[in-house]
Amino acid sequence: MIADVVVDLQYGDCGKGKIAHALCRENEYTHVIRYNGGCNAGHTIYHNGKKFVTHHIPCGVFFGIKSIIGPGCVVHVETFLQEIEDLEKKGIPAKKLVHVASNAHLITDFHRAEDKKDEEIGTTKRGNGPAYRDKYARKGVRAMQDPRLQPYIISMYHELYENEIHDEIKILFEGAQGFGLDPDWGDYPFVTSSHCTVGSALLNGVPAHAIRNVWGVAKIYETYVGAKDFEGPDEIFEEIREIGEEYGSTTGRARQINWLDFDMLKMAARINGTNTIVFNKMDILETLDAWCLYDGPNLYEFKTRKDIEMWLEGKLELEVDSNIKVIFSGDKEFI
Ligand code: IMP
Ligand code: MG
């Protein structure tokens, strides 16, 4: 068994969907597995030039790959079924490709109603936090208990270990949210309720030694949605928001913007063991020809794109992994 993992190194919305989609095109995966989160996630994917936004469903469906919502996830049944319908209408055969792990948990309408009242954290109000709370309080409901999900339910254990293709299983793990929102490593309490690191992928039933490549995804600037103050004072952030279309794909909220924080990026890259890092949205800063980042408390300004690229590459090789592969990307569909 082999597994590659796509993990977000900042606050979500860095373009995991794009990377996962591109990796599915290039590799022969047998499974794509979402390993954490619920419909608080929103992945914007361009497939053959057409835009798709998915919340629950992993991107394997675009390439005919079996796509599983793993045991680490929480599922809102109506949203899930609606998403299947929407993809089917657009010609993507989601019905036969998508499965839900029997031991994933449900987001109920009570969870949603409760989350709607949140004011402190600035959640997506999708019921995510209450669903995980009930899971760990041993009061939750598992996916296999809902009759509407019966056609989609599979046993993760059976799928991975009692399967005749056991030896040839090649998984792409598609994460949700990001390092800065992780309950342990993020800025608690301004975090989500499921883990957003590689460790979280392992919880879905694969052995640790199966992990092959870890793709860390970042943006060349940072965004965050939620209740805390995050945006820097620079007026350029307003322009970045407009040009970069930095509005939540789940809630439509304006994302707060700041320059990249190298210390956090380094920590996220180390803890996740990333061997490839992709910096997305290079095209946005290219338009403005503005290249800055924070190294500790210091704000550095670079003259050219090449300068910031060389700085980042050098630092990541020196401080994270001398063999790390660093990619700078400025395209919506391709890496
Ligand atoms: P929750 O996950 O809905 O409970 O929200 C907790 C925090 O995580 C809030 O600041 C949300 O805006 C943020 N969040 C949750 N999911 C995503 C995501 O997919 N992208 C970006 N931020 C997210
Ligand atoms: Mg998103």
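Provided above is the structure to which this section pertains.
Per-chain numbering applies: the sequence of each chain, read as written, is numbered from 1 onward. Numbering of ligands from 1 and lettering of chains from A proceed in the order in which they are written. Residue-level local features of this predicted model are given only where pLDDT is at least 70; pairs of side-chain atoms are given and counted only at 80 or more, and the full residue set underlies all totals for whole chains, interfaces and linings. Hydrogens and water are ignored here; the side-chain numbers use all heavy atoms of the structure.

### As for the overall build of the protein
Under the scheme used here, helices are H or I runs from DSSP no shorter than 4 residues and strands are E runs no shorter than 2 residues, and both carry numbers assigned from the N terminus. For the protein, the helix and strand inventory stands at 11 helices and 17 strands. Each radius of gyration reported is based on C-alpha atoms, and the globular scaling rule is 2.2 Å times the count of residues to the power 0.38. What you see for the protein is a C-alpha radius of gyration of 19 Å, in line with the 20 Å of a compact globule of 335 residues. For the protein, the spread of C-alpha atoms along the three principal axes comes to 60 × 45 × 35 Å. Within the protein, buried positions represent 56% of all 335 residues. Of the contacts made within the protein by residues no fewer than 6 positions apart, 75% connect residues no fewer than 24 positions apart. Of the roughly 14300 Å² of accessible surface on the protein, 50% is carried by carbon and sulfur atoms. Both charge centroids of the protein, one from 38 positive and one from 52 negative side chains, sit 5 Å from each other. For the exposure calls, accessible area comes from a 1.4 Å probe over protein chains only, and a residue counts as buried if that area is under 20% of its type's maximum, exposed if over 50%, partly exposed in between. Contacts are assigned to residue pairs with any non-hydrogen atoms lying within 4.5 Å of each other. In short, Shrake-Rupley with a 1.4 Å probe defines the accessible areas, and a residue's cover is counted only from the protein chains shown. Neither His nor the chain termini are counted; the positive set is Lys and Arg, and the negative set is Asp and Glu. By convention, the charge on Lys lies at NZ, on Arg at CZ, on Asp at CG and on Glu at CD.

### Regarding the layout of surface pockets
The gaps of empty space that remain are located by a probe, the size of a water molecule, rolled over the atoms. Any residue with an atom within 4 Å of a point lines the site, the site being either a cavity, points on a 1 Å grid over the protein atoms alone where a 1.4 Å probe fits but cannot get out, or a pocket, an open set with protein on both sides within 12 Å along at least 5 of 7 lines. Grid points are joined across faces, edges and corners, and a volume is the space filled by probe spheres set on the points. Quantified by volume, the second largest pocket comes out at close to 210 Å³. As for the second largest pocket, its lining consists of 16 residues, of which Pro71, Gly72, Lys135, Tyr136 and Leu203 are closest to the centre. Here the lining of the second largest pocket takes three residues from helix H5 (residues 128–136), the largest share from any one element. A per-class count over the lining of the second largest pocket returns five nonpolar, nine polar and two charged. When residues are sorted by character, Ala, Val, Leu, Ile, Met, Phe, Trp, Tyr, Cys and Pro go into the nonpolar class, Asp, Glu, Lys and Arg into the charged class, and all the rest, Gly among them, into the polar class.

### Quick word on the coordination of the magnesium ion (ligand 2)
Octahedral six-donor coordination of a metal ideally yields angles of 90 or 180 degrees, compared with 109.5 degrees for tetrahedral four-donor coordination. Atoms of type N, O and S within 2.8 Å of a metal are treated as its donors, and for Na, K and Ca the window is 3.2 Å; water is not considered, so some sites may appear to be missing partners. Taken together, the protein ligands of the magnesium ion (ligand 2) are Asp13 (OD) and Gly42 (O), with distances of 2.1 to 2.3 Å. With a gap of 29 residues between them, Asp13 in the loop between strand S1 (2–8) and helix H1 (16–26) and Gly42 in the loop between strand S2 (31–34) and strand S3 (43–47) connect regions that are remote in the sequence.

### A word on the site of ligand 1
Looking at ligand 1, there are 18 residues lining it, with Asn40, Thr124, Thr192, Val225 and Arg253 nearest. Polar contacts, as used here, are pairs of N or O atoms within 3.5 Å; protein pairs need one atom able to donate a hydrogen and one able to accept it. Residues neighboring in sequence count only if both atoms are side-chain atoms. Contacts to ligand 1 include Gly122, whose backbone N or O atom sits 3.5 Å from an oxygen atom. Contact between ligand 1 and Thr124: an oxygen atom at 2.7 Å from a side-chain N or O atom of the residue. Burial of ligand 1 by the protein chains amounts to 96% of its free accessible area of 460 Å². When its residues are assigned to classes, the shell around ligand 1 shows seven nonpolar, nine polar and two charged. Residues are counted as near a molecule or strand when any one of their heavy atoms sits within 4 Å of it.

### Observations regarding the sheet that holds strand S16 (residues 298–302)
If you walk across this open sheet you meet the four strands as S12-S13-S15-S16, and the pairing is mixed. For this open sheet the edge positions go to strand S12 (221–224) and S16, each flanked by a neighbour on one side alone. For this sheet, the mean angle separating the axes of adjacent strands, direction not counted, is 45°. For two strands to pair, DSSP has to find at least two bridges joining them. The pairing of strand S15 (residues 291–295) with S16 spans five bridges and is classified as antiparallel. Its bridge partner being in S16, Asp295 is matched across the sheet by Asn298. Sheet strands touched by helix H9 (residues 262–272): strand S13 (256–261) and S15. Its angle to S13, the strand with the most contacts, is close to 70°. Lines fitted to C-alpha atoms define the axes here, with helix axes fitted over just the stretch in contact, and angles between the N-to-C directions of these axes take values from 0 to 180 degrees. Taken strand by strand, helix H11 (residues 305–319) contacts S13, S15 and S16, and its axis lies near 25° from that of S15.

### A look at the packing of helix H4 (residues 109–116) against H5
Orientation of H4 relative to H5, taken along the N-to-C sense of each, is 125°, at an axis distance of 7 Å. What the angle tells us is that H4 and H5 run oblique. Helix-helix and strand crossings are classified by hand; for H4 and H5 the assignment is right-handed. Where H4 abuts H5, its residues His111, Glu114 and Asp115 lie against Asn128, Pro130, Ala131, Arg133 and Asp134. Here the contact of H4 with H5 is composed, by residue class, of two nonpolar, two polar and four charged. Between 65 and 115 degrees an angle is taken as roughly perpendicular, under 35 as roughly parallel, over 145 as roughly antiparallel, and anywhere else as oblique. Take the far helix as the reference: if the near one is turned anticlockwise from it by less than a right angle, the crossing is left-handed, and if turned clockwise, right-handed.

### Some remarks on the nonpolar core
Definition used in this section: a nonpolar core is a set of buried Ala, Val, Leu, Ile, Met, Phe, Trp, Tyr and Cys residues joined via side-chain atoms within 4.5 Å. With 55 residues, the main nonpolar core has Phe173, Ile240, Phe279 and Leu312 as its most contacted residues. The dominant element in this core, judged by the number of residues it contributes, is H9, at five residues. Those residues in contact with Ile240 that lie beyond four places of it in its chain are Tyr221, Glu245, Glu246, Ile257, Trp259, Ile284, Leu285 and Leu288. In this structure, Val6, Tyr29, Val32 and Phe80 belong to the second largest nonpolar core, which totals 37 residues.

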